[in-house]
2 protein chains.
Amino acid sequence: MANLNELAQIGATPEGGVTRLAFSEADVAGRLWFEQKVKAAGLRYEMDGAGNQFGILPAFSPTKKLLLCGSHLDTVPNGGKYDGALGTLSALEVVQTIKEANLDLPYDLGVVNFTDEEGSVMSLFGSHAVAGQLTADHFTNLRSGTVDLVAGMARLGITQESALAATIDPDTLVGFVEIHIEQGVRLENAGISIGIVTSIVGIRSAWLTFGGEAAHAGAKPMADRRDAMWGATAFVQRAKALVESQFHPGVCNFGQLFVEPGAFNIVPAKVKLALEYRHGTEPQMDDMRTALFDLAQTIATEYGLTLQVEEVMGCISAPSDEKVVQVIEDSAEKLGLSSQRLISFAGHDTQSMAAITPSAMIFVPSVNGVSHHYAEYTKDADCVNGANVMLHTLLSDCWH
Amino acid sequence: MANLNELAQIGATPEGGVTRLAFSEADVAGRLWFEQKVKAAGLRYEMDGAGNQFGILPAFSPTKKLLLCGSHLDTVPNGGKYDGALGTLSALEVVQTIKEANLDLPYDLGVVNFTDEEGSVMSLFGSHAVAGQLTADHFTNLRSGTVDLVAGMARLGITQESALAATIDPDTLVGFVEIHIEQGVRLENAGISIGIVTSIVGIRSAWLTFGGEAAHAGAKPMADRRDAMWGATAFVQRAKALVESQFHPGVCNFGQLFVEPGAFNIVPAKVKLALEYRHGTEPQMDDMRTALFDLAQTIATEYGLTLQVEEVMGCISAPSDEKVVQVIEDSAEKLGLSSQRLISFAGHDTQSMAAITPSAMIFVPSVNGVSHHYAEYTKDADCVNGANVMLHTLLSDCWH
């Protein structure tokens with residue numbers, strides 16, 4: 001908790017939050033602070049070509065096996081002091097504890113701070129690099145432009161080439177565990193101490209364009225209209241009901257909508273609707289996709305409209321490793337802590353790691369679910385619970 | 001019919017339509033053509049300060065009473081040859097017929113071509129002026145800017161001052177009758193020859209703003225969201241059903257919608273929806289207003305949203321004079337023509353005139369309801385039927 005509060009001073013905002021955008025001067029200062037903490041803990045400090053920082057506790061007998069834990073230290077603008085930092089510093093605390101207890105494990109333990117999880121320039125930059133999911137294509141069409149990224153990488157002492165070469169051989173990894181605040185209220189509402197992430201959601205998006213016929217909003221009787229707005233709004237209402245009734249806890253969102261021609265007195269000829277949907281596994285995502293697109297087509301037909309579907313973005317769901325989930329569950333039970341399996345609806349570095357090594361996440365409650373906001377808060381006791389569960393998880397013989 | 005086809009050559013478009021925007025050179029040419037036709041018919045030609053052109057057939061005994069009929073000669077861009085022109089030239093034909101028959105009536109008969117009905121610069125410019133509804137305020141915030149209007153008025157030989165002074169004393173008027181194409185398919189679908197307009201709809205508009213809470217489109221469970229899009233789309237669906245079930249033949253439209261923040265992955269915090277509704281009488285408009293705004297508030301409450309209503313435009317409904325409606329109905333019957341009472345959902349010069357003198361409109365069928373489009377078409381027989389009904393209507397002793 002002392003480390004968490006100390007780090008929160010770097011990039012502190014007047015509101016009590018933290019601004020430590022990846023690649024910024026504040027990020028560089030935070031990383032230097034972390035390097036010193038890693039070294040002070042007696043761990044071997046390393047940084048890879050993607051700027052990911054590691055603190056390694058070697059096994060007594062030399063091994064090429066590594067069990068990794070950690071998260072990220074960058075934040076969103078005026079974010080909270082828990083998102084990312086809690087996972088990285090809990091991992092440091094746990095590994096330091098194991099070192100101080102002088103325990104011999106059949107694998108190296110590693111604490112990691114992944115670069116730019118939040119995506120100031122590129123979401124999951126560091127964990128994507130480690131997992132071999134970063135490609136040269138990612139360096140085009142950047143949110144912040146290439147100039148900013150090149151300057152930012154120079155600040156960290158890395159380059160595009162070094163980042164692309166920062167992969168870890170999956171054969172050397174035994175697993176990955178990450179602690180994170182829930183960023184929601186499921187645990188808090190249920191009075192549960194520990195969440196065990198069974199999957200990080202897949203995210204898919206599409207533009208649905210309903211096409212009808214522009215008409216005089218007075219002279220054209222309602223019964224004769226082919227109104228694109230009617231189709232789009234029917235879809236929002238019925239897709240919402242469909243997802244709630246058949247795909248819970250999967251979710252959907254309708255975040256944008258454009259109307260043409262767009263006048264009070266003209267029946268809409270075209271409505272373009274932004275659809276996003278999320279669920280825990282790819283088969284569930286496939287089922288949602290079929291159900292939602294079928295519904296859109298049914299509605300288009302009902303209203304005499306055309307339908308165009310343009311799928312624009314995909315992010316594959318990342319199921320956790322059942323063995324690791326079970327170990328976390330057992331560890332919580334051993335500690336007398338209530339736990340609940342749940343899906344993470346936000347992205348995390350674990351989704352990169354889950355593709356190459358057995359992984360899972362430990363969630364701790366967020367007060368009021370506040371997230372990406374300076375008021376983000378998790379009680380000390382919950383932070384400690386999470387770290388204790390991780391300690392027991394790392395010591396499990398499931399990794400042997 | 002010959003006159004109609006001749007006039008359609010002025011401003012003819014390659015597609016077979018007509019572009020004769022009010023105040024344009026083509027409009028000036030059309031007006032000159034009309035002046036010559038009026039004079040050739042032996043009527044007294046006059047133009048008032050608003051550019052309205054009149055052809056007067058004086059009663060045998062001098063009188064200060066005037067029964068007016070007509071419409072407008074301006075068009076929308078690439079519009080049809082019937083909208084406006086049919087009403088003006090039918091009136092000319094009918095009055096000329098009465099003159100040729102040497103009939104003595106106890107009032108002067110007048111044919112009128114009203115200026116800028118379509119609103120190139122200002123909708124219903126001429127009829128508003130005659131009815132005393134044009135004010136200095138109308139000359140600010142013009143669609144086409146003041147420069148265009150001043151230049152256009154100069155082309156017609158009028159000024160703002162002369163237009164504002166162009167009122168007709170209601171006491172001198174005995175009534176107003178206008179023929180127009182239906183611009184819809186009600187007559188065509190019912191196989192009816194003559195529509196009798198019982199009212200020109202009132203039009204009211206409002207921006208409805210539903211306010212919720214922006215949230216993470218993944219981490220926020222659907223059950224906990226206050227999604228402005230859900231409220232707005234529920235309103236569209238339920239308002240549509242409400243108007244169709246309880247206010248038919250009144251209509252509503254949702255022509256524009258803006259979302260904030262407007263991203264795939266953010267639950268909408270604010271949705272601003274354009275609502276327009278129309279019905280035949282002010283009491284019906286008041287009922288619709290209450291029902292629609294109550295519904296919006298009910299839905300806002302259901303979804304945990306705030307609601308802001310900003311009423312932005314009103315156009316009062318213009319009921320026809322029952323006596324004139326009856327005379328038109330009787331005239332159609334006398335001629336063996338089927339007729340049907342209906343509401344006009346589009347605006348017409350009659351709505352200005354109905355405020356100052358007993359008025360009604362005669363509709364004739366539009367093939368496929370095409371309107372404001374070069375393909376607009378009404379069969380010759382239907383045009384002739386309309387003119388015959390107007391002839392008998394003008395000769396009724398209801399005006400005495």
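Placed above this text is the structure.
All of the points below concern the structure found in this document. What you are looking at is a predicted structure, and each value in this text was computed from that prediction instead of being measured.

1. A short note on the relation of the copies chain B and chain A
There are two copies of the chain, and a rotation about an axis plus a shift along that axis relates them. Least-squares fitting of chain B to chain A yields an RMSD of 0.1 Å, with the superposition described by an axial translation of 0.0 Å and a rotation of 180°. Expressed as an axis order, the relation between the two copies is that of a two-fold axis. Relative to the rotation axis, the C-alpha of B:Thr233 is the closest in chain B, positioned 2.3 Å from it. Of the interface residues in chain B, 100% have counterparts in chain A that sit at the interface too, so the contact is made through matching surfaces.

2. What to know about the packing of aromatic side chains
In total, this model carries 17 aromatic pairs over all chains according to the counting rule given. Between the aromatic rings of A:Phe23 and A:Phe125, the centroid separation amounts to 5.6 Å while the plane-to-plane angle is 85°, which identifies the pairing as edge-to-face. You can see A:Phe23 sitting in the loop between helix H1 (2–7) and helix H2 (25–40) and its partner A:Phe125 sitting in helix H4 (residues 125–130), a full 102 residues away along the chain. The pair formed by A:Phe23 and A:Phe125 is uniform in burial state, with each residue classed as buried. With centroids separated by 5.0 Å and ring planes inclined at 65°, the aromatic side chains of A:Phe264 and B:Trp207 adopt a geometry described as edge-to-face. Taken together, the residues A:Phe264 in the loop between strand E9 (251–260) and strand E10 (266–267) and B:Trp207 in strand E7 (residues 202–211) connect one chain to another.

3. Looking at the interface of chain B and chain A
Contacts between the two partners involve 51 residues from chain B, matched on the other side by 51 residues from chain A. Here chain B packs against chain A, burying approximately 3800 Å² in sum over the two surfaces, 61% of which is carbon and sulfur. For the pair chain B and chain A, the number of links is 16 residue pairs in polar contact (both at pLDDT 80 or more). Elements with a minimum of two residues in the side of chain B that touches chain A: helix H7 (186–190), E7, helix H8 (228–246), strand E9 (251–260), strand E10 (266–267) and strand E11 (270–279) of chain B. In terms of residues, the side of chain B that touches chain A owes the most to one element, H8(B), which gives 9 residues. Residues of the side of chain B that touches chain A, tallied by class, amount to 29 nonpolar, 14 polar and 8 charged.

4. Some words on the pattern of salt bridges
Using the criterion set out here, one finds 28 salt bridges over all chains in the structure. Here A:Asp286 makes a salt bridge to A:Arg204, at a shortest N to O gap of 2.8 Å. One end of the pair, A:Asp286, is in helix H9 (residues 282–302); the other, A:Arg204, is in strand E7 (residues 202–211), with 82 residues separating them in the sequence. A:Arg204 gets classed as buried once you look at its relative accessible area, which sits at 13%. Put simply, B:Arg341 and B:Glu322 hold a salt bridge, and the shortest N to O gap is 3.1 Å. Of this pair, B:Arg341 sits in strand E14 (residues 339–344) while B:Glu322 is found in helix H10 (residues 322–334), placing the two residues 19 residues apart along the sequence. By relative accessible area, B:Arg341 is classed as partly exposed at 33%. With relative accessibility at 44%, the residue B:Glu322 sits in the partly exposed group. Three or more residues joined by partner-sharing salt bridges are found here, namely A:Arg204, A:Glu282 and A:Asp286.

Quick notes on the rules
- Residues numbered from 1 in each chain as written.
- Chains lettered and ligands numbered in written order.
- Predicted model: local features only at pLDDT ≥ 70, side-chain atom pairs only at ≥ 80, totals over all residues.
- Heavy atoms only, no water.
- Least-squares fit on C-alpha atoms with pLDDT ≥ 70 in both.
- Contact = heavy atoms within 4.5 Å.
- Phe/Tyr/Trp six-rings, centres within 6.5 Å; stacked < 30°, edge-to-face > 60°.
- Helix = DSSP H or I, 4+ residues; strand = E, 2+ residues; numbered from the N terminus.
- Buried < 20%, exposed > 50% of the residue type's maximum accessible area, 1.4 Å probe, protein only.
- Buried area = accessible area lost by both parts, 1.4 Å probe.
- Polar contact = N/O pair within 3.5 Å; in protein donor to acceptor, adjacent residues only side chain to side chain.
- Nonpolar A, V, L, I, M, F, W, Y, C, P; charged D, E, K, R; others polar.
- Salt bridge = Lys/Arg side-chain N within 4 Å of Asp/Glu carboxyl O.

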